[in-house]
Each structure stands twice: as structure tokens, then as C-alpha cells.
Amino acid sequence: MMILRLFSLVLIFFMLFSCGGDCDVELIIPESVNNTVAMQNDAEIQDYIMANGLSTEMSESGLYYSIDDPGGSIKPDLCQSVTAIYTGYLTNGIVFDSSGISGATFPLGNVVLGWQEGIPLFGKNGKGTLLIPSKLGYGPNSPSSKIPANSVLVFDIEILDFQ
């Protein structure tokens, strides 16, 4: 009986204090996408990597990333807000968004999947580049006139802080 109570207390503790207490954000990568678009995105990313002499790694989901500086050993999770300096652009160099030098703060659980997966690769003061295929970005949607449907997104990022 005592063991059951102890187990219950430990379970309640982990439920309350994991990921901020009441956070239920979970990274869910889409399983199926338009295969033609996926192949075009991958070719576009490969061309960009070659043209820019990047050394990248690819995650299981298809996110490409280059870590210039991993930053601190503690990494943000989906339940935290992150402050980052970033520039977002298409592979043709057209900039569609930028935080400016003071950075921008956002809940990590509320951004595109490529950021949800990629930002936790960096600790505080970490720097690098994320190359996000459309399935991890905006997919067939066009969120603005600057970002066409099925676009590969490139982000140069620096993590200033998270909490």
C-alpha cells in the first residue's frame, strides 16, 4: 500500500513539473505528403546546400540543419517561450521575415513544425540554419504574398533566451 502511494506521488510530481506543469504541446510530424512536392523540396534543399557550401544534417522528418554554435547544454522544449534573432528567406534569397537585432519572443509550441523540431537543437546563444521543407512549414498554404505554397523555408537563427 505504501509503495502504491509513493508511486502515485512520484507520478503526480512528474505530471505537474514536466514541461511547465500544464503544457500538453506535442510535436506531430505529418506522415503523408504530396510525394512530388517532397522530392522537389528535397532537391531544392540539396541545391541550396551545395550552392552555399553548407555542412548539414537531416532529421528523420526531413528537416535539414546546420549548427554553427550549439549554445548552452540546456535546450528549450515545446512548452517554453523562446527569444531569437532570426531571418527567414526562400532559397532564392528573398527575405520574408526578420526579427531585427533585438530578437522576437514566441511560444515554441505555436510555430511551424520545422521550428518546433529545429529550435530545441540549440541552447542559449546557439546559432545555425534551419532548412525546412514545406511539409514542416506552411505546406500547400500561402501565409503571405512573400511565401508561395509548398515553399522551402530557410532560417538563420540565434537563440537569445528561453523560459
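Residues numbered from 1 in each chain as written. Predicted model: local features only at pLDDT ≥ 70, side-chain atom pairs only at ≥ 80, totals over all residues. Heavy atoms only, no water.

A. Molecular detail of the side chain of Asn41. For Asn41, the position within the fold is in helix H2 (residues 35-52). The residues touching Asn41, leaving out its near neighbours within four places in the chain, are Pro133, Ser134, Lys135, Asn150 and Val152. (Helix = DSSP H or I, 4+ residues; strand = E, 2+ residues; numbered from the N terminus. Contact = heavy atoms within 4.5 Å.)

B. Layout of the confidence of the model for the protein chain. Averaged over every residue, the pLDDT of the protein chain is 86; the share at 70 or more is 80%. Across residues 1-21 the pLDDT falls below 50, and counting only partners more than four positions away or on other chains, this stretch makes 4 contacts in the model. (pLDDT = per-residue confidence, 0-100.)

C. Main features of the environment of Gly128. One can find Gly128 in strand E6 (residues 127-132). With 10 residues separating them in the primary sequence, Gly128 and Gly118 have C-alpha atoms 9.8 Å apart.

D. Focus on the pattern of salt bridges. One pass over the structure, following the stated rule, counts 1 salt bridge. The shortest N-O distance in the salt bridge between Asp161 and Lys124 comes to 3.6 Å. Here Asp161, found in strand E7 (residues 153-162), pairs with Lys124, found in the loop between helix H3 (113-118) and E6; they are 37 residues apart in sequence, far enough to count as distant. A residue is classified by how much of its surface remains accessible, and Asp161, at 31% relative accessible area, is partly exposed. (Salt bridge = Lys/Arg side-chain N within 4 Å of Asp/Glu carboxyl O. Buried < 20%, exposed > 50% of the residue type's maximum accessible area, 1.4 Å probe, protein only.)

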